[in-house]
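A structural walkthrough
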Amino acid sequence: MTLNRDEISRRLAAVGYIADHDVATALWLMDFLKRPLLLEGEAGVGKTEVAKALAAVHSAELIRLQCYEGLDQNAALYEWNYQRQLLAIKMREGAGANADAIEEHIFSERYLLERPLLAAIRRENPPVLLVDEVDRADEEFEAFLLELLSDFQVSIPELGTIKATSIPRVVLTSNGTRELSDALRRRCLYHYVDFPEVDREARIIITRTPSIDAALAVQIARMVASVRKEDLRKVPGVAETLDWAATLAGLDFHDLRQEPEVVHETMMCLLKTREDRSRLTREVTERLLGKVA
Amino acid sequence: MAVAPINTSGDGLGEPTRRRLAGFVRTLRDNGFKVGLAETGDALAILAGPLAAKSSTLKPALRALFCATHSDWERFEEIFKAYWHGFGVSQARILAGTALESRAPARHLKDVGSPTGMPGLPDHLERRHDDGNGAGDGRGKREGASRFESLASTDLRHIVDAADIAQTHALAARLSRVMRARLVRREQVQWRGRRLDLRRTIHRNVSHGGTLVDLAWRRRKIKPLRLVLLLDASGSMNLYTAFFVRFLHGVVDAFRESEAFVFHTRLAHVSASLRDRDVTRAVDKLSLMAQGIGGGTKIGESLATFNRWHARRVINSRTAVMIVSDGYDTGTTEQLVEEMRRLRRRCRRIIWLNPLIGWRDYSPQARGMQAALPYVDLFAPAHNLESLAALEPYLARI
């Protein structure tokens, strides 16, 4: 089932994802060109959300593979169920089976544990496969992933080749802690996710915190936008904005100017290091408030 | 460079459209985009598809297809506009950004190190390595090892002859490669972090009836060091810049995980230009960028830019930062201290290479150098090839 671009746009809105204009195009192209999508951007801009929204748009299952340094094929693709294998060996041996027969038996589907990548290509309906923070994995894993993404088949030495029953939609995200290989980049469509503009962030706040005043949401979005321009170690992401919005809504705020003191105190939702806290003094908060409210 | 679309589904497209697209792809390639035949084919499919009707939908589609990095992403808009909307005029300008840049400068390399270019140097700086075999008497070049040795220990300022310069640069490139190779080998011998490989163990012991007789072990693979180089290219470092640019190229080429920056009054990220396969072109390109002569050196400010915009991305827990600078800072000392402190917290080691240490009677008097020293793990000379080679064992231990 391929949807056209406007339909994707509409459905994204329906599932509560406030997309920037070009995301819908990229998501449509994924189907049209059958290529994976690589999302880059700062931490906290909502890259993972795109994959979740995509799954919701296609009513597909989301399978997530979180990458980390040292991730290997055992953890990403498949693993044998050792306990059951050992048990089976003992039992068969007791029954007097020979070694070849035992080997054939214990390396069969029954003892195979699916990990995300294998699971993604063995579903009836094409799922969305999210390979999160692919830059954290090693180069070897990246090369392996590239191979999987072009062939969509896996060879398991003890078992043979497993072909994909359905081709998953693949979304990769990267925070850019390591340069990805050109080959992987070329294979993928690319979309750079930026912090949302003020009005989009305001709409996101309103969608996620329905109890909030529309005017307050805009104020919060503008405040966060100016905080992001300050020289901070950890720039607040969308999730932090939402935390702060929920806090203020919970405190029954309607206007940021209402109680500058409380605004300053609750801004710890946005600032996650001591250094940043000390950088954003009361005076700075007031200056920013003066600008945005 | 023909388009030759192999798998086009854009059969319905007219010849002019294909030609325009081919031109666009060529423009992108000239601007450093990595666009292959597969991408061109897909672009034809997009042009034949529903998004091609309006430029507002076509642009994001082509952007998603052709871009591969953030910098591609940022430049795409301009190139797209120039090509599709202002055919001709702006195209030339954009092309000039990369293609022409690499033409001019080979001269720059030769200027460096020439004593005639530096009339005002005080006498005691003119010290050179004592054996008569030194760099100056450019004859008798085929002496193999001893020749190598003498070049290695000659202060880089005194290497004048064009052939010597070329040889020095080759040496620098080789040195960086050797460093890499040794680092990797040593790590493998040194580390013994082992754990059981269950999959192999079971496989091996099927014939023992599942009793684990032969154990299969796994050795932890150690990831190599990541190097981040910050090269001071200010006027005071002028004599050494070309050489270190070459060294930078060698290092970036040899260490897969490495990043290079050049700074004088501002900071420039140069890894991408250095990855050019053509060494001369890469070095030429960079020598141009590195020409920041005049206006002083703002080490503190450059470090601030690095800490704020690049550090998060390029530094991890096994990163060594190598700063090559003489420490003459025209910015404020407070800022330098603050930024050194920040950098210190992020990375594993800070190595400061100062070409001046090789000079007789040198002590780190410059204010900037004084201020930065407490945060530096290794403060070492870098005035000749020997001194660079001496770094290698240190790097291997990190």
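Below: a short report on this structure. On a predicted model such as this, the values are computed, not experimentally measured, just so you know. (Residues numbered from 1 in each chain as written. Chains lettered and ligands numbered in written order. Predicted model: local features only at pLDDT ≥ 70, side-chain atom pairs only at ≥ 80, totals over all residues. Heavy atoms only, no water.)

**Some words on the overall build of chain B**
In terms of regular secondary structure, chain B is built from 17 helices and eight strands. Here chain B, with 398 residues, has 51% of them falling under the buried criterion. For chain B, the share of sequence-separated contacts (at least 6 apart) that also reach a separation of at least 24 residues comes to 70%. Summed over its atoms, the accessible surface of chain B is roughly 18500 Å², and 53% of this surface lies on carbon and sulfur atoms. (Helix = DSSP H or I, 4+ residues; strand = E, 2+ residues; numbered from the N terminus. Buried < 20%, exposed > 50% of the residue type's maximum accessible area, 1.4 Å probe, protein only. Contact = heavy atoms within 4.5 Å. Areas by Shrake-Rupley, 256 points an atom, 1.4 Å probe, with all protein chains shown as cover.)

**Focus: the packing of helix α5 (residues 82-94) of chain A against helix α6 (residues 99-106) of chain A**
Residues and elements named next belong to chain A. Their axes nearest at 10 Å, the elements α5 and α6 cross at an angle of 150°. Considered as vectors, α5 and α6 are oriented roughly antiparallel to each other. As for how α5 packs across α6, the hand of that crossing is right-handed. Contacts from Q85, A88, I89, R92 and E93 in α5 reach I102, H105 and I106 in α6. For the contact of α5 with α6, a count of residues per class yields four nonpolar, two polar and two charged. (Axes fitted to C-alpha atoms, helices over the stretch in contact; angles between N-to-C directions. Parallel < 35°, antiparallel > 145°, perpendicular 65-115°, else oblique. Left-handed = near helix turned anticlockwise from the far one by under 90°. Nonpolar A, V, L, I, M, F, W, Y, C, P; charged D, E, K, R; others polar.)

**Some points on the sheet that holds strand β1 (residues 37-40) of chain A**
Residue and element names in this part refer to chain A. If you trace the five strands from one edge of the open sheet to the other, you get β2-β5-β8-β1-β9, paired in parallel fashion. Here the strands that pair on one side only, and so sit at the sheet edges, are β2 (62-66) and β9 (189-192). Across the sheet, the axes of successive neighbouring strands diverge by a mean angle of 20°, strand direction being ignored. Pairing geometry for β1 and strand β8 (residues 169-174), over four bridges, is parallel. The residue of β8 that forms the bridge with E40 is S174. Here helix α2 (residues 21-33) sits on the sheet and contacts β1, β8 and β9; the angle it forms with β9, its principal contact strand, is near 165°. (Pairing = 2+ DSSP bridges.)

**Points about the sheet that holds strand β3 (residues 226-232) of chain B**
All names here are of chain B. Spatial strand order, β5-β4-β3-β6-β7-β8: six strands in an open sheet with mixed pairing. Strands with a single pairing partner mark the edges of an open sheet, and in this sheet they are β5 (267-269) and β8 (378-381). In this sheet, adjacent strand axes meet at a mean angle of 20° when their direction is disregarded. In this sheet, β5 lies alongside strand β4 (residues 258-263) in antiparallel orientation, the contact comprising three bridges. Directly across from F261, in β5, lies its bridge partner H269.

**Notes on the interface of chain B and chain A**
Between chain B and chain A, the residue contacts involve 42 residues of the former and 53 residues of the latter. Buried surface at the junction of chain B and chain A, both sides included, amounts to about 4400 Å², of which 51% is carbon and sulfur. Applying the counting rule to chain B against chain A returns seven salt bridges. With a shortest N-O distance of 3.8 Å, A:E275 and B:R342 are connected by a salt bridge. Along the contact surface separating chain B from chain A lie eight residue pairs in polar contact (both at pLDDT 80 or more). Elements represented by at least two residues in the side of chain B that touches chain A include exactly α2 (37-48), α3 (55-66), α4 (70-84), α9 (198-205), α13 (299-314) and α14 (333-346) of chain B. With six residues, the single largest contributor to the side of chain B that touches chain A is α3(B). Partitioned by chemical class, the residues of the side of chain B that touches chain A number 15 nonpolar, 10 polar and 17 charged. (Buried area = accessible area lost by both parts, 1.4 Å probe. Salt bridge = Lys/Arg side-chain N within 4 Å of Asp/Glu carboxyl O. Polar contact = N/O pair within 3.5 Å; in protein donor to acceptor, adjacent residues only side chain to side chain.)

This is a description of form; function is not addressed.
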